[in-house]
Structures are given as C-alpha cells and as structure tokens.
Amino acid sequence: MKKVLARWLDSDVGHSFRTSPVAIIAAAIAFVCVFCSVFAGWVSPHNPFDLAALELGDARLPPAWEAEGTTKYLLGTDDQGRDILSALIYGARISLVVGLVSVVLSVLVGVMLGLLAGFWGGWLDAFLMRVCDVMLSFPPILVALLIAGVGRALFPNAHDTVAFGVLILSISLTGWVQYARTVRGSTLVERNKEYVQAARVTGVSPLRIMRRHVLPNVLGPVLVLATIQVATAIITEATLSFLGVGVPPTSPSLGTLIRVGNDYLFSGEWWITVFPGLMLILIALSVNLLGDWLRDALNPRLR
C-alpha cells in the first residue's frame with residue numbers, strides 16, 4: 001500500500017496534487033465528510049433517528065454559543081428535538097450514498113452505450129444519439145421529478161429501500177447522456193488509430209477490442225465528468241428532497257433538513273436550515289474543486 005501511494009505521489013498526477021493547495025484542501029474536506037458519513041454511528045454525538053432518545057422539551061434550541069444554547073447540542077436542535085450536528089452527519093451519509101450510486105449507475109450505462117455507438121456507428125449510433133438529443137431537450141430536474149413522482153404513485157406504501165431505488169433511478173436516467181456523448185466522441189477518434197486496426201487484422205473480436213483497447217483510452221474524460229457529476233447528483237437529490245419527492249421523511253437527507261428548516265427560517269430558528277445548507281455547499285464545492293483539479297491534471301497540454 002505504501003509503495004502504491006509513493007508511486008502515485010511521484011507520478012505526474014501526484015505531483016500536480018502535491019503542488020495544488022486548492023486540491024489538497026478540497027480533498028481534506030471531502031475526506032472528512034466521507035469519513036464522518038461512513039462512521040456516523042461512532043462520530044455523531046447523538047442518534048437523531050432514535051425516537052426513544054428524543055426530548056421534545058429540547059426542540060428548537062439555538063447553537064451552543066447563543067444565550068439559550070447548551071453544549072449538549074453544539075449546533076442546536078430542530079423542531080423535534082434532534083441534534084442538528086448529528087442530523088447533518090447522518091443526512092450527509094444519505095446524500096453521498098444516493099449521489100455516488102446514481103453516478104456509478106449513470107457511468108455504467110453511459111459508457112456502454114457510448115462505446116457501442118462510437119465503435120459500431122451506423123443506425124445504432126444514429127438511434128442512440130437521437131435518444132440523447134431527446135433526453136437533453138428536457139430539464140434534468142423535470143425528468144427526475146416525473147420519474148420520482150410516478151414511482152411514488154406506483155408504490156405509495158413502499159419500503160424505504162424501494163424509495164431510495166426510485167430516487168437513484170430518477171437521477172441516473174438523467175445523467176447517463178453526458179457520459180454516452182463523451183465516450184462516443186472519444187471512441188470515434190480511437191477506433192481509427194493504428195493499434196485498433198492492428199487488433200482487427202489479427203482477428204480480435206470487436207467486443208474484446210472495445211473492452212481491452214478502446215475503453216482504457218477513453219476513461220480519462222469520464223473520470224473527470226464523473227467527479228463533477230457527483231456534486232450535481234447530490235444537489236439534485238437535495239432539490240428533490242426539498243420538493244418532497246426525495247428520500248423518505250424517516251431517513252432525512254440534507255435536502256429534507258433544509259425543507260424542514262425553511263418553515264422556521266423567518267421565525268428566528270435560522271440554524272435549522274442554515275447549517276444543512278452550508279453542509280450541502282461544502283460537499284458540492286469540495287467535489288467540484290477536485291473535479292477541476294483532475295481535469296487539469298489529466299490534460300497533457302497543461303503539464
């Protein structure tokens with residue numbers, strides 16, 4: 001493990017990372033958010049979803065530095081007496097899981113279809129690109145709202161797992177198009193190069209050529225796009241949850257916490273919505289900065 005890390009740090013990408021303070025700070029923030037989300041049960045001071053531990057008498061307490069605040073709840077409590085800091089940690093875990101899983105699913109579908117369209121061409125390429133054009137003609141959030149709404153209508157009493165699946169599917173179906181178009185464009189360039197022609201002459205099957213020769217050479221732009229799309233997926237999930245069609249209320253994400261706090265924003269309990277909003281901005285900003293650094297690090301013209 002140490003040798004792999006040392007080899008990576010000595011590479012061009014590792015050198016770019018070591019010499020970029022913005023990338024280091026963004027990576028540190030993202031690591032802290034992911035670590036706290038993964039180990040929420042050990043990191044968070046309270047379990048905000050344990051109904052037996054909730055005290056309604058502690059509802060809407062201000063942060064600890066205000067007059068009526070207490071050190072028991074550093075960032076205050078919401079309308080149900082849940083600790084805001086603990087709710088942020090658990091809510092960030094839900095947002096990160098939905099964002100990461102939806103991006104992985106979008107990458108798998110988009111890369112596969114983009115490879116097929118770019119390598120085979122012809123009517124398959126034309127058909128898939130027209131489907132992409134149709135998908136791009138609709139706002140992504142509108143498509144996600146439609147799918148999430150239909151899913152909730154079909155499964156009104158569904159378990160939380162089904163609700164999460166519908167949400168992930170609604171975000172993924174609007175995200176695969178960019179990967180398909182990116183991979184298709186790169187594949188059109190790679191399929192006419194000498195190494196691909198040599199593989200064809202030696203009798204290598206088209207599927208093996210796509211998997212072993214073309215795919216590794218088109219993954220650079222996909223990695224950059226996927227990193228940036230993680231932040232977009234998290235924001236989309238927060239938007240859907242804010243509108244009431246996201247994750248179930250029993251497992252609130254950052255978007256749900258913002259929606260709940262919005263009802264108390266103008267009554268003086270600003271911390272209920274401000275802190276979840278800042279957490280969402282912090283995660284999205286750190287991931288976007290990492291994506292910008294990765295784009296520059298993988299661009300040979302900037303080395």
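Refer to the structure printed above.
Summary of the structure given here. Note that this is a predicted model, so its numbers are computed, not measured.

We now examine the overall build of the protein chain. Across its full length, the protein chain holds 13 helices and zero strands. What you see in the protein chain, going N to C, is helices and strands ordered as α-α-α-α-α-α-α-α-α-α-α-α-α. For the C-alpha atoms alone, the extent of the protein chain along its principal axes is close to 75 × 50 × 30 Å. The buried share among the 303 residues of the protein chain stands at 42%. For the protein chain, the proportion of contacts with a sequence separation of at least 24, taken over those separated by at least 6, is 71%. For the protein chain, the accessible area works out to roughly 16300 Å², and carbon and sulfur atoms hold 68% of it. Computed over 22 positive and 20 negative side-chain charges, the separation of the two mean positions in the protein chain equals 17 Å.

This next bit is on the packing of helix H3 (residues 21–38) against helix H5 (residues 84–120). Interhelical geometry of H3 versus H5 gives an angle of 105 degrees and a closest axis separation of 8 Å. In terms of orientation, H3 lies roughly perpendicular with respect to H5. Within the contact between the two elements, H3 uses Cys33, Val34, Cys36, Ser37 and Val38 and H5 uses Ile89, Ala92, Arg93 and Leu96. When grouped by side-chain class, the residues that make up the contact of H3 with H5 number seven nonpolar, one polar and one charged.

This part is about the packing of helix H11 (residues 206–242) against helix H12 (residues 254–262). At a minimum axis separation of 7 Å, H11 and H12 run at an interaxial angle of 40 degrees. The angle between the axes of H11 and H12 places the two elements in the oblique class. Where H11 crosses over H12, the two elements pack in a sense that is right-handed. Across the interface between the two elements, Ala238, Ser241 and Phe242 of H11 pack against Gly255, Thr256, Ile258, Arg259 and Asn262 of H12. For the contact of H11 with H12, the per-class residue count stands at three nonpolar, four polar and one charged.

Once that is clear, we can look at the packing of aromatic side chains. Enumeration over the complete set of coordinates arrives at eight aromatic pairs. Here the aromatic rings of Trp65 and Phe275 are separated by 6.2 Å at their centres, their planes lie at 85 degrees, and the arrangement is edge-to-face. Of this pair, Trp65 sits in the loop between helix H4 (40–43) and H5 while Phe275 sits in helix H13 (residues 271–297), placing them 210 residues apart in sequence. In this structure Trp65 comes out as exposed when scored by relative accessible area, which is 57%. A relative accessible area of 13% places Phe275 in the buried class.

This part covers H12. It helps to recall that an α-helix has 3.6 residues per turn; residues three or four apart then point in one direction. Along H12, the residues that are buried comprise Leu254, Gly255, Thr256, Leu257, Ile258 and Gly261. Residues of H12 that are buried make contact with H5, H11 and H13.

What follows covers the nonpolar core. Counting residues in hydrophobic clusters, the biggest one holds 50 residues, and the most contacted among them are Leu88, Leu254 and Ile283. At the level of secondary structure, the elements contributing two or more residues to this core comprise H5, helix H7 (140–154), helix H8 (160–172), helix H9 (176–190), helix H10 (194–201), H11, H12 and H13. Ranked by residue count, the leading element in this core is H11, at 13 residues. For Leu254, the contacting residues outside a window of four places in its chain are Leu88, Gly91, Ala92, Ser95, Pro276, Met279, Leu280 and Ile283. Listed in part, the eight residues of the second largest apolar core include Leu113, Ala117, Met129 and Cys132.

So, about a nonpolar patch on the surface. A cluster of nonpolar side chains, contributed by Phe31, Val32, Val34, Phe35, Val38, Phe39, Trp42 and Val43, occupies part of the molecular surface with about 820 Å² of accessible area. If you list the elements that add at least two residues to the nonpolar patch, you get H3 and H4. Tallying contributions element by element places H3 first for the nonpolar patch, with five residues. The topology assignment puts Val43 in helix H4.

Definitions and limits used
Residues numbered from 1 in each chain as written. Predicted model: local features only at pLDDT ≥ 70, side-chain atom pairs only at ≥ 80, totals over all residues. Heavy atoms only, no water. Helix = DSSP H or I, 4+ residues; strand = E, 2+ residues; numbered from the N terminus. Buried < 20%, exposed > 50% of the residue type's maximum accessible area, 1.4 Å probe, protein only. Contact = heavy atoms within 4.5 Å. Areas by Shrake-Rupley, 256 points an atom, 1.4 Å probe, with all protein chains shown as cover. Lys, Arg positive; Asp, Glu negative; His and termini not counted. Charge placed at Lys NZ, Arg CZ, Asp CG, Glu CD. Axes fitted to C-alpha atoms, helices over the stretch in contact; angles between N-to-C directions. Parallel < 35°, antiparallel > 145°, perpendicular 65-115°, else oblique. Nonpolar A, V, L, I, M, F, W, Y, C, P; charged D, E, K, R; others polar. Left-handed = near helix turned anticlockwise from the far one by under 90°. Phe/Tyr/Trp six-rings, centres within 6.5 Å; stacked < 30°, edge-to-face > 60°. Core = buried A, V, L, I, M, F, W, Y, C linked by side-chain atoms within 4.5 Å. Patch = residues over 30% accessible without salt bridge, like charges linked within 9 Å, V, L, I, M, F, W, Y side chains within 5 Å. Salt bridge = Lys/Arg side-chain N within 4 Å of Asp/Glu carboxyl O.

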